[in-house]
Protein chains: 2
Amino acid sequence: MDFLDEPFPDVGTYEDFHTIDWLREKSRDTDRHRKISIKSKESYWELIKSLLDAWSGWVVMLLIGMLTGTLAGVIDLAVDWMTDLKEGVCLSALYYSREQCCWTSNETTFDDRDKCPQWQKWAELMTGHSEGPGAYVLNYFLYVLWALLFSFLAVSLVRVFAPYACGSGIPEIKTILSGFIIRGYLGKWTLLIKTVTLVLAVSSGLSLGKEGPLVHVACCCGNLFCSLFSKYSKNEGKRREVLSAAAAAGVSVAFGAPIGGVLFSLEEVSYYFPLKTLWRSFFAALVAAFTLRAINPFGNSRLVLFYVEYHTPWYMAELVPFILLGVRRKTTLLGKYPVLEVIVITGITAVLAFPNPYTRRSTSELISELFNDCGALESSQLCDYVNNPNMSRPVDDIPDRPAGPGVYSALWQLALALIFKIVITIFTFGMKIPSGLFIPSMAVGAIAGRIVGIAVEQMAYHHHDWIIFKNWCRPGADCVTPGLYAMVGAAACLGGVTRMTVSLVVIMFELTGGLEYIVPLMAAAVTSKWVADAFGKEGIYESHIQLNGYPYLDVRDEFTHRTLATDVMRPRRSEPPLAVLTQDSTTVEDVETLIKDTDYNGFPVVVSRESERLIGFVQRRELTVAIKTARQKQDGVVSSSVVYFTEDNPQVAEACDPQPLKLRRILNLSPFTVTDHTPMETVVDIFRKLGLRQCLVTRSGRLLGIITKKDVLRHMAQMMNQDPESIMFN
Amino acid sequence: MDFLDEPFPDVGTYEDFHTIDWLREKSRDTDRHRKISIKSKESYWELIKSLLDAWSGWVVMLLIGMLTGTLAGVIDLAVDWMTDLKEGVCLSALYYSREQCCWTSNETTFDDRDKCPQWQKWAELMTGHSEGPGAYVLNYFLYVLWALLFSFLAVSLVRVFAPYACGSGIPEIKTILSGFIIRGYLGKWTLLIKTVTLVLAVSSGLSLGKEGPLVHVACCCGNLFCSLFSKYSKNEGKRREVLSAAAAAGVSVAFGAPIGGVLFSLEEVSYYFPLKTLWRSFFAALVAAFTLRAINPFGNSRLVLFYVEYHTPWYMAELVPFILLGVRRKTTLLGKYPVLEVIVITGITAVLAFPNPYTRRSTSELISELFNDCGALESSQLCDYVNNPNMSRPVDDIPDRPAGPGVYSALWQLALALIFKIVITIFTFGMKIPSGLFIPSMAVGAIAGRIVGIAVEQMAYHHHDWIIFKNWCRPGADCVTPGLYAMVGAAACLGGVTRMTVSLVVIMFELTGGLEYIVPLMAAAVTSKWVADAFGKEGIYESHIQLNGYPYLDVRDEFTHRTLATDVMRPRRSEPPLAVLTQDSTTVEDVETLIKDTDYNGFPVVVSRESERLIGFVQRRELTVAIKTARQKQDGVVSSSVVYFTEDNPQVAEACDPQPLKLRRILNLSPFTVTDHTPMETVVDIFRKLGLRQCLVTRSGRLLGIITKKDVLRHMAQMMNQDPESIMFN
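Residues numbered from 1 in each chain as written. Chains lettered and ligands numbered in written order. Predicted model: local features only at pLDDT ≥ 70, side-chain atom pairs only at ≥ 80, totals over all residues. Heavy atoms only, no water.

As annotated in an unreviewed UniProt entry, chain A carries the name Chloride channel protein and comes from Salmo trutta. Quoted verbatim from the Sequence similarities (unreviewed entry) field of the UniProt record, the comment on chain A reads "Belongs to the chloride channel (TC 2.A.49) family." (UniProt positions renumbered as here; feature names shortened; annotations may be inferred.)

1. Concerning the overall build of chain A
In terms of regular secondary structure, chain A is built from 28 helices and twelve strands. Considering only intrachain contacts with a sequence separation of at least 6, the fraction spanning at least 24 residues in chain A is 74%. Carbon and sulfur atoms make up 59% of the accessible area of chain A, which amounts to about 30300 Å² in all. (Helix = DSSP H or I, 4+ residues; strand = E, 2+ residues; numbered from the N terminus. Contact = heavy atoms within 4.5 Å. Areas by Shrake-Rupley, 256 points an atom, 1.4 Å probe, with all protein chains shown as cover.)

2. Notes on the packing of helix H7 (residues 188-203) of chain B against helix H8 (residues 211-226) of chain B
All names here are of chain B. Following both chains from N to C, one finds H7 and H8 inclined at 150°, their axes separated by 9 Å at the closest point. Classified by the angle between their axes, H7 and H8 sit roughly antiparallel to one another. Remark: the crossing between H7 and H8 carries left-handed chirality. Facing Lys188, Thr190, Leu191, Lys194, Thr195 and Leu198 of H7, the residues of H8 in contact are Pro213, His216, Val217, Cys220, Cys221 and Leu224. Of the residues assigned to the contact of H7 with H8, the class counts are seven nonpolar, three polar and two charged. (Axes fitted to C-alpha atoms, helices over the stretch in contact; angles between N-to-C directions. Parallel < 35°, antiparallel > 145°, perpendicular 65-115°, else oblique. Left-handed = near helix turned anticlockwise from the far one by under 90°. Nonpolar A, V, L, I, M, F, W, Y, C, P; charged D, E, K, R; others polar.)

3. Thoughts on the relation of the copies chain A and chain B
The operation relating chain A to chain B is a screw motion whose rotation component is 180°, with 0.0 Å of axial translation and a residual RMSD of 0.1 Å. The symmetry that links the two subunits is that of a two-fold axis. The C-alpha atom lying nearest the rotation axis in chain A is that of A:Gly701; the distance is 1.8 Å. Most of the interface of chain A is mirrored in chain B, where 98% of its interface residues are also at the interface. (Least-squares fit on C-alpha atoms with pLDDT ≥ 70 in both.)

4. Details of a nonpolar patch on the surface
Together, A:Tyr44, A:Leu47, A:Leu51, A:Trp55, A:Val59 and B:Trp530 give the surface a local cluster of nonpolar side chains, amounting to about 630 Å² of exposed area. Among the elements that line the nonpolar patch, the one with the most residues is helix H2 (residues 44-85) of chain A, at five residues. Residue position: A:Val59 is located in helix H2. (Patch = residues over 30% accessible without salt bridge, like charges linked within 9 Å, V, L, I, M, F, W, Y side chains within 5 Å. Salt bridge = Lys/Arg side-chain N within 4 Å of Asp/Glu carboxyl O.)

5. Re the interface of chain A and chain B
Across the contact, 65 residues belong to chain A and 64 residues belong to chain B. Buried area between chain A and chain B, both sides added, is near 5900 Å², and the carbon and sulfur share of it is 72%. Three residues stand out in chain A for area buried against chain B, namely A:Arg34, A:Trp279 and A:Met522, and they jointly supply 12% of the buried area on that side. Here chain A is connected to chain B by four salt bridges. Where A:Lys26 meets B:Asp685, a salt bridge forms, and the shortest distance between an N and an O atom there is 2.7 Å. Between the two partners, chain A and chain B, sit 13 residue pairs in polar contact (both at pLDDT 80 or more). Counting residues per element, the side of chain A that touches chain B draws most heavily on helix H12 (residues 275-295) of chain A, at eight residues. A per-class count over the side of chain A that touches chain B returns 36 nonpolar, 13 polar and 16 charged. (Buried area = accessible area lost by both parts, 1.4 Å probe. Polar contact = N/O pair within 3.5 Å; in protein donor to acceptor, adjacent residues only side chain to side chain.)

6. Focus: the environment of A:Leu521
All names here are of chain A. Relative to the assigned elements, Leu521 resides in helix H22 (residues 518-535). What makes Leu521 buried here is its relative accessible area of 1%. Along the backbone, Leu521 and Thr501 are 20 residues apart, and their C-alpha atoms lie at a distance of 10.0 Å. Setting aside anything within four residues of it in sequence, one finds Leu521 in contact with Met487, Val488, Ala491, Val505, Met508 and Phe509. (Buried < 20%, exposed > 50% of the residue type's maximum accessible area, 1.4 Å probe, protein only.)

7. What about the packing of H2(A) against helix H8 (residues 211-226) of chain A?
All names here are of chain A. Across the interface, H2 lies against H8 with an axial gap of 9 Å and an inter-helix angle of 140°. On the basis of their axis angle, the class for H2 and H8 is oblique. At the point where H2 passes H8, the crossing takes the right-handed sense. Facing Val60, Leu63, Ile64, Leu67, Thr68, Leu71, Ala72 and Ile75 of H2, the residues of H8 in contact are Leu214, Val217, Ala218, Cys221, Gly222, Leu224 and Phe225. Split into classes, the residues belonging to the contact of H2 with H8 amount to 13 nonpolar, two polar and no charged.

8. A short note on the pattern of salt bridges
All names here are of chain A. Scanning all chains against the criterion turns up 42 salt bridges over all chains. Its salt-bridge partner being Glu211, residue Lys210 comes within 3.7 Å of it at the nearest N-O pair. Among the residues examined, Glu211 registers a relative accessible area of 3% and is labelled buried. What emerges from the salt-bridge pattern is a single network uniting Asp29, Arg32, Asp53, Lys238 and Glu241.

9. Regarding the sheet that holds strand E9 (residues 667-668) of chain A
All names here are of chain A. In spatial order, the strands read E3-E5-E6-E9; together these four strands make up an open sheet with mixed pairing. The two strands at the open ends of the sheet, each matched to only one other strand, are strand E3 (581-582) and E9. Across two bridges, E3 lies against strand E5 (residues 602-606) in parallel orientation. Across the sheet, Leu581 pairs through a bridge with Val605, a residue of E5. (Pairing = 2+ DSSP bridges.)

10. With respect to the packing of aromatic side chains
Under the defined criterion, the tally for this structure stands at 26 aromatic pairs over all chains. When the ring of A:Phe672 is compared with that of B:Phe672, the centres are 5.9 Å apart and the planes differ by 75°; the resulting orientation is edge-to-face. Placement of the pair is A:Phe672 in the loop between E9 and strand E10 (673-675) and B:Phe672 in the loop between strand E9 (667-668) and strand E10 (673-675), with the two residues belonging to separate chains. Side by side, A:Phe672 and B:Phe672 carry an identical accessibility label, which is buried. Taken together, the aromatic side chains of A:Trp58, A:Trp279, A:Phe282 and A:Phe283 make up a single cluster linked through ring pairs. (Phe/Tyr/Trp six-rings, centres within 6.5 Å; stacked < 30°, edge-to-face > 60°.)

Take a look at the structure:
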């Protein structure tokens, strides 16, 4: 007659801003499996249901891939259209971007931009004049106006409907995947508002990328589809497996790099990543990449594949420190007046960006141009070299040439663009709109790399008798490729900001499609990581997590101090003793008082206060619910009833004593324990690998204290001379 | 005056065929780090030493990469030369293979094989006649003779010098990486003999590959360089990090696939793979790949990159089951007479292989030809199509054509080769010579795939009005590429044998160099895995591990039974009580008797036999050494001395009592404990994730029993209705 045999509500859920217990989630999932496999032997219908359940993981992956790919495609198309809207409209169809407009109007390639009659700039449309200072000023004015409108809309939508939609979301997703609960962070509203405001923010021309937020969007999709299957919606551990795969799909569509996406999820974002998830993530990432390709075949979001010969680009290593100095201080800026801040920054960005052709266009177009090699047909200003008279050689074998005036003016513009980008990106990041860091960091790196590349190229051309050039650079040969320098610079800068390593190299390699460049890319990644680590061990996401005080136990932090569990456990010497329950001598009233007076998440249960031998652990939440339910449903349970956790009824002293309340069902009989002599490095390892929430400390069978995840994190912060109070959640 | 303060020998080492304790290794490494970082503040010399120590990981990786790449290059060149030696010699230089001979002799490409005067077949050299039945028989005879000689040498060398050099070595490496000790398995002799016999075995023409053994060779290199640095040689846990990276380097050189190698190591081989190792593995894999490329630029081990258009190859899925049936029974054959067995199999292989051109050549050449698309310049028999009169179109856009007589005869030969390969591979695997399964499996899959591909192609050509072809196959178009079918078939077959998933796709994609083929490859990998899983959950390596009774706790096996720790722990109810020591009432003699009478690896220490409260765990090995040392060095320690593990001396009852022996230093004060109610799924999880060797079971602070890794594995085997006695080691 144990009323706890029936399921009762709210058991197994967690409160907002709390940490989940991975072991518990896993064992709940195993229970589920066991029940299903027993049931499946009963009837064909149950067998089919169990097969559906087994397949639901793949179905969820398919759905996530398809929705993520679709959303990314829609975002791409919308951003293209709205970015171009700042400059003009397509007369043949208002919803065409310039590229589509010129493409459909007269079958020319989109390089011939100026010969596109269907596309009209605002000044031309409104006044009929396309040239002259008046038209320029009008275009300038409208460009800034559109930008302000877009960013105002973005920040307002975020403020009013979904405050969680701001930023890139990656730090929070890392924290959530490590087992933290932030309700609504991956909700439907966040998904909708983030998608819309991302388009607005990117179109406004602010120095931000859509790649990071796409990971957030993908995780929202993942969470959405989790709610379709009770296997995932009711188990926070299983849900996180799906979210890990969704993050891979997000990176996959952001860069068109499915393998890189999986590795990013593995290396950078995920916490618990079983091999089964690896395989499913790969599936989701592929589906997403192909869905995106089906929707947006122009695909200007994925940078153009380019084929350059591989030379020795090791000089880039010198560039890295300088770039890193620029990008390391981004986390400190937090505006108090978000709307005003966004408007001001957008205004400044738009006003300063318009005159410079390298900042006016979209950042991914800029990167694509910087990566490009100067073929014979290239019309870009960056390729304005003085040509040799004999141009009869094949297109892809052009020797080094002296730079023309176009290249020199481009260099000046690039230098200005570099300073502008660095400064404005620092101010942009941290604003209350969806904003990613990947593309701006890559742009900074690519500009710097291209400048260095052109400089080296011209030096090699003019001084090919210098010792360093002598061996690999004969006159008339094509020996320095500035595009490659840009690519390596982009990788170095991105690596410095995020501290990605393998996934960075793989993403860059999938972006550019050539295994030959893997060596310079890897050199850049490793150099930038070392240089950046010299400034501080944490990447931008970890800094952000710390800033927010989330309880994130980084797998990479090595704990090397000599402290023991006894130094970390509560209660400390000066504190009152641990709040415990005894197995058969506490009354309902005592329990209720304990619950009221403390805010602990659970209480150890001991044999008696004298022996202090541990028998189990009971969750506060379950205790509250159980007592409340018992008081309502079970006769005879009053304040003076004894609560007992043993198998057998305690001996009732007198007949008039009230009926005792048996609560063994909610007692966790296998709480995790360590001895007080356990080194903290082992404790940290156990917390990390098993995903514990708390751990009891004993000495020769006696309960001494408790260590929670928060205690561990605070201790680690203290050991690293940081403020332990910065860890705010448990 | 504690003599145990000095280090004493043999502490921290393990016996052969025993399992290491990962937590202990990790904490020993942290101690080392701590000491070095304290010392480094003392003097500049110590600072430099500490920096060298920090960099030694990268140095080891560099050395491993370079040696692995060099060995792979040497093996490639030697195999080329010796394979060709079976057919003839190069007159200009005896050490040239046919390819090098013809390449250097007259600057033609190596397609013009027959126009190479410097290369002479044996019959031509010995009799002057290159044609006619006499020459054919002589060539045939010498071919078989050479093959027998090579394989005899190989098997004899393995038998006499290094029995561990046989097989692919991957199952043992998996076991070693999971924490098992097999002394000499990765030793210098094994390295030397495996390298030499691998060349002999591959050259003998047996149906085996060099890819798996290359992983073993790479791990031997890793072990070799570990011995240079005490950081790695004295810590079995750190050593395994290096070995994981070495395995990645091995796959990297085997397939020319650095990313695939890292993923293979992560997915298939490694057990404990921290992120730091991921990055270092990538470095080692890259260095190895580039060293190999520098040594052997011809690189016929890496299959030729080929560029075919992507069509719908989904029909391959049907092929998979049939292939898998053929490759699933390979583990059962174990010859009693290894030398004779090898000779017989080699003889049969050579006799049957010579007449068929598809089995005579080396397997990787065969795969390369099967993967190839039929361009206009292709001279292979497989490309003998009836040409259209208008051949003026570009080389790479050839429409579907009817097959010529060459293709039909090639089909017959391929069908025979398929049967031959399947049968002979089953008999070859398990012989006592170095032998890999990758290439033979791929060959079987590629042959089957090519046959199906040609069949579909001809069906599509002759019946392009059928519904299935109608949509994507107009007349005159190039719509079916048999080479792609071969590639997908190879991937499917390899996936079925090894159960690799992501790493398989990445390796195939790096082999063939085209992101477009990722979808059919992935479909093949996923189908073959599902089909193979229907026959049995284990891949060939896991089966092999089980066959040998190694204690391998697979991360992929889900434990879903409802047993508790109390069901698994020893002692069982019928058994004598657990052998324990008390903290201050056991004498030296008692301890020595206990050590002599039992073969346990360690003993729990309790407060007293009455209370049974656990205070720690002491290793048998350390106890033995400590008592032996104490008897020699410490005065007054006799058989009746009391051994105590407490902080303070026990009270000596009378003055004449012998001096007690303090052994607290060797007592592990933080043994791992679980309660008897802990579900076994949690226990399995803890063993897996923390790499435990044993775990003590308690109930309310009382010691009840012990669970070792062997107990866990035996319990798992029992639950899966397997023989628990098959787990032989602890």
